[in-house]
Amino acid sequence: GGDRGDARRALASALPIGPDALVNLPVEDFNAALGRARLSGPELALARDIRRRGKNKVAAQKCRRRKLEAIAGLQAELGRLGRERERLLRARGQAERALGTLRRDLAVVSAQVLGALREGAGHPLPPELRPAPHGELGLESPGPG
């Protein structure tokens, strides 16, 4: 806990290399500094422990920063996708309304055409001009004859 860390820092102050240098030196410089310092076994272990803990702390900070950046990126993407979804839903609604209008217009035009094609009052249409079961107009060419 905190007491152990304080004791380590107190011991570290007796080391000829400061804790910041222990953590930030390139590995070759770190090993060279340890060799020049002529440290005892426990001092050497302490220096390596301080370096390991310091490197781990920096790595943990970078990891947390990357995680927060990733979350921010995902939140931005989520917002963009939500806006795109709303735009697509509006476009689909407009397309469905336009299709409904076209279907109504087609029904009106089909009725007008069929009415104009009737011979006189009430004579039925020839079979090839009768509306199909779903209301579409089936213009079939008459068979060979």
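Just so it is clear, the model here is predicted, and its values are computed rather than measured. (Residues numbered from 1 in each chain as written. Predicted model: local features only at pLDDT ≥ 70, side-chain atom pairs only at ≥ 80, totals over all residues. Heavy atoms only, no water.)

Visitor: Residue-level account of the nonpolar core, with values.
Guide: In this structure, Leu15, Ile17, Leu22, Phe30, Ala33, Leu34, Leu39, Leu46, Ala47 and Ile50 together form the largest nonpolar core, which totals 10 residues. Residue assignment for this core shows that the elements contributing at least two residues are α3 (27-37) and α4 (41-117). With near-sequence residues (within four places) excluded, Ala33 lies in contact with Ile17 and Leu25. (Core = buried A, V, L, I, M, F, W, Y, C linked by side-chain atoms within 4.5 Å. Buried < 20%, exposed > 50% of the residue type's maximum accessible area, 1.4 Å probe, protein only. Helix = DSSP H or I, 4+ residues; strand = E, 2+ residues; numbered from the N terminus. Contact = heavy atoms within 4.5 Å.)

Visitor: Residues and numbers for the pattern of salt bridges, please.
Guide: A complete count under the given rule lists seven salt bridges for this structure. Measuring nitrogen to oxygen at the nearest pair gives 2.9 Å for the salt bridge that ties Arg53 to Asp49. Of this pair, Arg53 and Asp49 are both found in helix α4, four residues apart, which corresponds to roughly one turn of the helix. Arg53 gets classed as partly exposed once you look at its relative accessible area, which sits at 40%. Arg80 is the partner of Glu77 in a salt bridge, and the nearest nitrogen-oxygen pair spans 2.9 Å. (Salt bridge = Lys/Arg side-chain N within 4 Å of Asp/Glu carboxyl O.)

Visitor: Go over α3, please, and point to the residues and values.
Guide: Of all the residues in α3, the buried ones are Phe30, Ala33 and Leu34. Angular distribution of buried residues about the axis of α3 spans 100 degrees; they occupy a single face of the element. Residues Glu28, Gly35 and Arg36 are exposed on α3 and point more than 90 degrees away from its buried face. In the core, the buried residues of α3 are packed alongside α2 (19-24) and α4. Positive phi shows up at Arg38, right after α3, with a value of about 50 degrees. (Arc of directions from axis to C-beta.)

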